[in-house]
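Each chain, letter by letter, is given below.
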Amino acid sequence: MKDYDIKVRGRNEIDFFGTDNDTIVVPSNVKLDTDRDNADIDIKAGEKAVIGIPNVAEHVELDIMDSKVSIKDLSFEKLEIDAKGNIEITIDNVSGPIDINMVSGQAVLKVPAGYSFRTNREGKNNFIECDIPQDISSGNVIELNGKNSSLKIINK
């Protein structure tokens, strides 16, 4: 698998982790469809889920709303988060660019101490609040896209 499309239906708490043996781990109450190089994972509202995908992925897309997400031990060419409402994302041992796409939403991104990253803001009336020193040469680009949204980046 190379591409992962993960849909979270409604408010949830989701823990994602990278597996070191090229496996996908999903609980029995989560729908999983695979086709060639793509995997679609569908999580129902109100269900706490722990999901594992191979620790090196090309494209991971998360569609979430009013949820808490933890991402650990994962490397990707691109992580795209399409979000609605208020979201909280905690990352640990993660590498690659993160795009957060929101309209009239608020996001909090918790990063580990010493995490190397830089930010980019696109769209209209978006705001990034970050008091953590950035590394302008870092490949870990955290980008906020959309409209009328805010992203606060803090240490966890």
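Located above this text is the structure these notes cover.
Residues numbered from 1 in each chain as written. Predicted model: local features only at pLDDT ≥ 70, side-chain atom pairs only at ≥ 80, totals over all residues. Heavy atoms only, no water.

Explain the overall build of the chain to me, using residue names and the numbers behind them.
Scanning the chain for helices and strands turns up zero helices and 14 strands. Relative to the globule expectation of 15 Å for 156 residues, the C-alpha radius of gyration of the chain, 15 Å, shows essentially globular dimensions. Projected onto its principal axes, the C-alpha positions of the chain cover 40 × 30 × 25 Å. Within the chain, the fraction of its 156 residues that count as buried is 40%. When contacts within the chain are restricted to residue pairs at least 6 apart in sequence, long-range pairs at least 24 apart make up 48% of them. Summed over its atoms, the accessible surface of the chain is roughly 8,100 Å², and 44% of this surface lies on carbon and sulfur atoms. Taken together, the 19 basic and 28 acidic charged side chains of the chain have centroids lying 5 Å from each other. (Helix = DSSP H or I, 4+ residues; strand = E, 2+ residues; numbered from the N terminus. Rg over C-alpha atoms; globule rule 2.2 N^0.38 Å. Buried < 20%, exposed > 50% of the residue type's maximum accessible area, 1.4 Å probe, protein only. Contact = heavy atoms within 4.5 Å. Areas by Shrake-Rupley, 256 points an atom, 1.4 Å probe, with all protein chains shown as cover. Lys, Arg positive; Asp, Glu negative; His and termini not counted. Charge placed at Lys NZ, Arg CZ, Asp CG, Glu CD.)

An account of the side chain of Asn145 is requested, with residue identities and associated values reported.
Examined against the element boundaries, Asn145 turns out to sit in strand E13 (residues 141–147). For Asn145, a relative accessible area of 15% translates into the label buried. At 3.0 Å, the side chain of Asn145 and the side chain of Asn101 are in polar contact. If near-sequence neighbours (up to four positions away) are discounted, Asn145 is found in contact with Asp99, Ile100, Asn101, Met102, Glu122 and Asn126. (Polar contact = N/O pair within 3.5 Å; in protein donor to acceptor, adjacent residues only side chain to side chain.)

Explain the packing of aromatic side chains to me, using residue names and the numbers behind them.
Here the structure, examined in full by the defined rule, presents one aromatic pair. Ring geometry for Tyr115 against Phe117: centres 5.7 Å apart, planes inclined by 20°, an arrangement best described as stacked. By relative accessible area, which is 0% here, Phe117 ends up buried. (Phe/Tyr/Trp six-rings, centres within 6.5 Å; stacked < 30°, edge-to-face > 60°.)

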